[in-house]
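Each chain is listed here by its residues.
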Amino acid sequence: MDETERQSDERARDAQGWDTARTLAEALPYIQIYDRKTVVIKYGGHAMGESAVARQFAADVVLLKLMGVNPVVVHGGGPQISAMLDKAGVRSSFVDGLRVTDADTMQVAEMVLSGAVNKEIAHWITMAGREADVRGIGLSGKDAGLLTVEKTRRTKRDPDSMIEHEVDLGYVGEPTKVDAKLITRLLESDADWVPVIAPIGVAEDGQTFNVNADTVAGALAGSLKAKRMLLLTDVAGVKGADGRIIRQMTVSDAARLIDDGVATGGMIPKLQTAIAAVRDGVEAVVILDGRRPHAMLVELFTEHGAGTLVKAE
């Protein structure tokens, strides 16, 4: 490299440094807004299976913690469950984005969610935060009575007869009670804990149930009165009838998308979760693409935002 190239390279690095400082300064008002506030993050979708993306997610969670935010992670694991079911030769089906869960599927789901996926995410957070002693702690809804559930009831209309009939989803549950004392204690501790929660719950009779991770995140966010809930998935946001991403909507707008059939498949429980969480006291819910680098930081600490924000009327 000659002298001219060296000077040019130094000027580029210098400019990059000033750009970084400017970005941090511009983020100050947003950092103050979220200081010591709870943000529940639902982490899921196919992005979870990509090691580099998972490590970046963990690093961003650690950064949130060090910037004064109290992140709580609730994770899914649908693709990982499907892969394990395929290996075991167990077939599964879905109704309105929810997996029909028989006894064999339930056993695999708990093994994957509470075992491999949960501990891996907690481990990556601990590794990313080791210099500052930020630690991920893996839990499930079965720990300390965190999540009490009841069997999910669903009906489906026959397109020919138009008669509704009940669909048995098996061991799929809906939250009826969230006891967040353990999570609150972890967040209030002098140590920098980041709770990582698998979406497994227990009924009053002791039966274990698989629970939609979006639903768990919403119930927990409502119980904690979180400032924000971030639904990280593998889509850019909620699309309208014209196929374009909607940047902001009210809970009424979200309900209308479901009623009009614009929202389909896995987007239905996401919007239902957003509606319920906002009505339970969460300030706003954002559905965004977890595969994009630093999506959470863009959403929380810049004026641009990311994905689709759902708020009260």
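We now turn to the structure provided with this report. Nothing here was measured: the structure is a model prediction, and the numbers come from that model.

## Re empty space enclosed by the protein
Here the idea is plain: a probe the size of a water molecule rolls over the atoms and shows the empty space left. With the rule as written, the count across this model stands at three cavities of 30 Å³ or more. Estimates place the volume of the largest cavity at around 40 Å³. Contributing to the lining of the largest cavity are Gly141, Leu146, Leu147, Val178, Ile197, Val216 and Leu220. Residue composition of the lining of the largest cavity, grouped by class: six nonpolar, one polar and no charged.

## A word on the sheet that holds strand β10 (residues 192-198)
In spatial order, the strands read β5-β10-β2-β1-β13-β17-β18-β16; together these eight strands make up an open sheet with mixed pairing. With one partner strand each, in any of the chains shown, β5 (134-140) and β16 (248-250) form the two edges of the open sheet. Ignoring strand direction, the axes of neighbouring strands in this sheet form an average angle of 20 degrees. By the bridge criterion, five bridges tie strand β1 (residues 38-43) to strand β13 (residues 228-233) in an arrangement that is parallel. Pairing of valine 39 across the sheet is with arginine 228, part of β13. Where helix α5 (residues 181-188) meets the sheet, it contacts β1, β2 (70-75), β5 and β10, and its direction lies at approximately 155 degrees from that of β10.

## Some remarks on the environment of isoleucine 275
With respect to the helices, strands and loops of the structure, isoleucine 275 is situated in helix α8 (residues 267-279). Between the C-alpha atoms of isoleucine 275 and serine 252, which are 23 residues apart in sequence, the distance is 8.3 Å. Setting aside residues no more than four positions away along its own chain, isoleucine 275 makes contact with Val251, Ala254, Ala255 and Ile258.

## Some points on helix α6 (residues 213-224)
With 12 residues, α6 extends 16 Å between its outermost C-alpha atoms, agreeing within 8% with the 16 Å of an ideal straight helix rising 1.5 Å per residue. Across the 12 residues of α6, nine count as buried, placing the element largely inside the fold. All of the buried residues in α6 are Ala213, Asp214, Val216, Ala217, Gly218, Leu220, Ala221, Gly222 and Leu224. Taking the backbone nitrogen of aspartate 214 as reference, a side-chain oxygen 3.0 Å away marks asparagine 212 as the first, capping residue of α6. With its phi angle positive at about 50 degrees, lysine 225 sits one or two positions after the end of α6.

## Digging into the packing of α6 against α8
Axis angle and axis distance: for two packed helices, these are the angle between their axes and the distance between the axes, and together they describe the pair. Look at α6 against α8: their axes get within 9 Å of each other, and the N-to-C directions meet at 5 degrees. Between α6 and α8, the angle falls in the class roughly parallel. Contacts between α6 and α8 involve Asp214, Thr215 and Gly218 from the former and Pro269, Lys270, Thr273 and Ala277 from the latter. Of the residues belonging to the contact of α6 with α8, the class tally is two nonpolar, three polar and two charged.

Conventions used here
- Residues numbered from 1 in each chain as written.
- Predicted model: local features only at pLDDT ≥ 70, side-chain atom pairs only at ≥ 80, totals over all residues.
- Heavy atoms only, no water.
- 1 Å grid on protein atoms, 1.4 Å probe; cavity = no way out; pocket = protein on both sides within 12 Å on 5 of 7 lines; lining within 4 Å.
- Points joined across faces, edges and corners; volume = space filled by probe spheres on them.
- Nonpolar A, V, L, I, M, F, W, Y, C, P; charged D, E, K, R; others polar.
- Pairing = 2+ DSSP bridges.
- Helix = DSSP H or I, 4+ residues; strand = E, 2+ residues; numbered from the N terminus.
- Axes fitted to C-alpha atoms, helices over the stretch in contact; angles between N-to-C directions.
- Contact = heavy atoms within 4.5 Å.
- Expected span 1.5 Å × (residues − 1).
- Buried < 20%, exposed > 50% of the residue type's maximum accessible area, 1.4 Å probe, protein only.
- Polar contact = N/O pair within 3.5 Å; in protein donor to acceptor, adjacent residues only side chain to side chain.
- Parallel < 35°, antiparallel > 145°, perpendicular 65-115°, else oblique.

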